[in-house]
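Understanding the architecture of this molecule
Chain residues, written in single-letter form:
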Amino acid sequence: MLLIVGGIVAVFLAHRKVAEKITEKEYQRFLDGEVPAMKENGKTYFLEDLFGEDVSDVETFLSDIDGDGVKELHIRNGIYYILKEKKGKYNIFTDMRRNKVSYLMLIPAAMYTFIFGYCTIPYMIIAFEKFSFKKGIFGSKWVGMKNFEFFFKSQDAGLIIGNTVKLNLLFLLFTITAAVTLAIMINEIRNKYFKKIAQSTYLLPYFLSWIIVNYILYGIIGSKYGLLNHIVTFFGGKSINFYNEPKYWTIILVILKVWKDLGMNMVIYLATITGFDEELYDAAAVDGASRWQMCRRITIPMLMPTVIMLGIMSIGKIFYGDFGMIYALVGDNGVLYHKTDVIDTYVFRTLRTTGNPSQAMAISLFQAIMGFICVWGSNYIAKKKFKEGALF
């Protein structure tokens, strides 16, 4: 239920444009009418116009309404406004009434999460049972930790876990580095038409399925018709059968993962950068800072909270292999398992051959527990070292 509640709270906070800590700039935005209310010392204030009221004697007027929650008197566009305390609380139900469409759009995601994320939780018990479809989850025989033993006592357990963690760490490191670099570079482009074309071009691979990517890859590294082998043989080299050489596949998978996910990650970081206050860059330019110095001293430090938060969420899935990617590119090619086999593909093959869902559930439970530990641990470190980037 935490994800559903979190989604509702996120929508609520997105619409609640009430500043908790008022700075001089935020206070001026409030007076200019850009923010409907402000919060200070636990009290919420709003501006009420005095159209038609006689305020020729300001002191007398303020003394007459003293004690009615009035704090200050302001004038904007020739109309007097009083800064008045708002009675009652702006709660989530008030926000729901004001933003019905946003909450209606949240319903499908909340229902999907509830059905597939929480209604399936009781089935986790089959990780400790010899599950029978006929007897169900409450009638199947209890076997304790035996479903975990099939994986952890196998000779491939260490290799498979190592492959999963290694590949995910490489994916995380190179994807974040490339996405942040590209976002900063595109942000420096001043031609808006070229910028739009570049963003669309980099984003396109994200929407390609791994099946299509597999055909593209085969057209490049195929032993007989691959473009790369044609180039190698043209210059007198020897053709390489990449599908029989495991040593090349770590770098191949990293390149493809970065290429496919680069665009979406870049868009997230670019959106964050465009939200930075331009006055900071103007002040740096006045002080004689170069674009590189602005990038090092302003852009990257301000971007780090977003980088760390996305990194923590990615670390939570470090024990989950990208099944769609690995199976589409490698399939059942046993020659490449030494470098490409991950937990998810191993469990899939086991389930396909044995038909035992209890063993698959046991490994999924292990992945979930390790994911929780990784998220909690990385968030704890982030909170100690870089508090702005912590999730909770």
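Predicted model only: the values in this text are computed from it and were never measured.

Criteria and thresholds
- Residues numbered from 1 in each chain as written.
- Predicted model: local features only at pLDDT ≥ 70, side-chain atom pairs only at ≥ 80, totals over all residues.
- Heavy atoms only, no water.
- 1 Å grid on protein atoms, 1.4 Å probe; cavity = no way out; pocket = protein on both sides within 12 Å on 5 of 7 lines; lining within 4 Å.
- Points joined across faces, edges and corners; volume = space filled by probe spheres on them.
- Helix = DSSP H or I, 4+ residues; strand = E, 2+ residues; numbered from the N terminus.
- Nonpolar A, V, L, I, M, F, W, Y, C, P; charged D, E, K, R; others polar.
- Phe/Tyr/Trp six-rings, centres within 6.5 Å; stacked < 30°, edge-to-face > 60°.
- Buried < 20%, exposed > 50% of the residue type's maximum accessible area, 1.4 Å probe, protein only.
- Patch = residues over 30% accessible without salt bridge, like charges linked within 9 Å, V, L, I, M, F, W, Y side chains within 5 Å.
- Areas by Shrake-Rupley, 256 points an atom, 1.4 Å probe, with all protein chains shown as cover.
- Salt bridge = Lys/Arg side-chain N within 4 Å of Asp/Glu carboxyl O.
- Lys, Arg positive; Asp, Glu negative; His and termini not counted.
- Charge placed at Lys NZ, Arg CZ, Asp CG, Glu CD.

By the definition in use, this model includes two cavities of 30 Å³ or more. One number sums up the size of the largest cavity: a volume of about 60 Å³. At the level of secondary structure, the elements contributing two or more residues to the lining of the largest cavity comprise α14 (323–329), α15 (337–340) and α16 (343–354). Among the residues forming the lining of the largest cavity, the class breakdown is four nonpolar, three polar and three charged. Estimates place the volume of the second largest cavity at around 40 Å³. Lining the second largest cavity are T164, L167, N168, F171, G321, D322, I326 and V342.

Taken as a whole, this structure holds 19 aromatic pairs when the rule is applied. An angle of 75° between the planes, with centres 5.1 Å apart, marks the rings of F151 and F152 as edge-to-face. Under the relative-accessibility criterion, F152 is labelled partly exposed at 37%. Taking the centre distance of 5.1 Å and the plane angle of 65° together, the rings of F242 and Y248 count as edge-to-face.

Let us now look at a positive patch on the surface. Positive charge collects at one region of the surface, where K130, K134, K135, K141 and K146 lie side by side. With respect to the helices and strands, the residue K130 is situated in strand β6 (residues 129–130). Overall, the relative accessible area of 57% leaves K130 in the exposed class.

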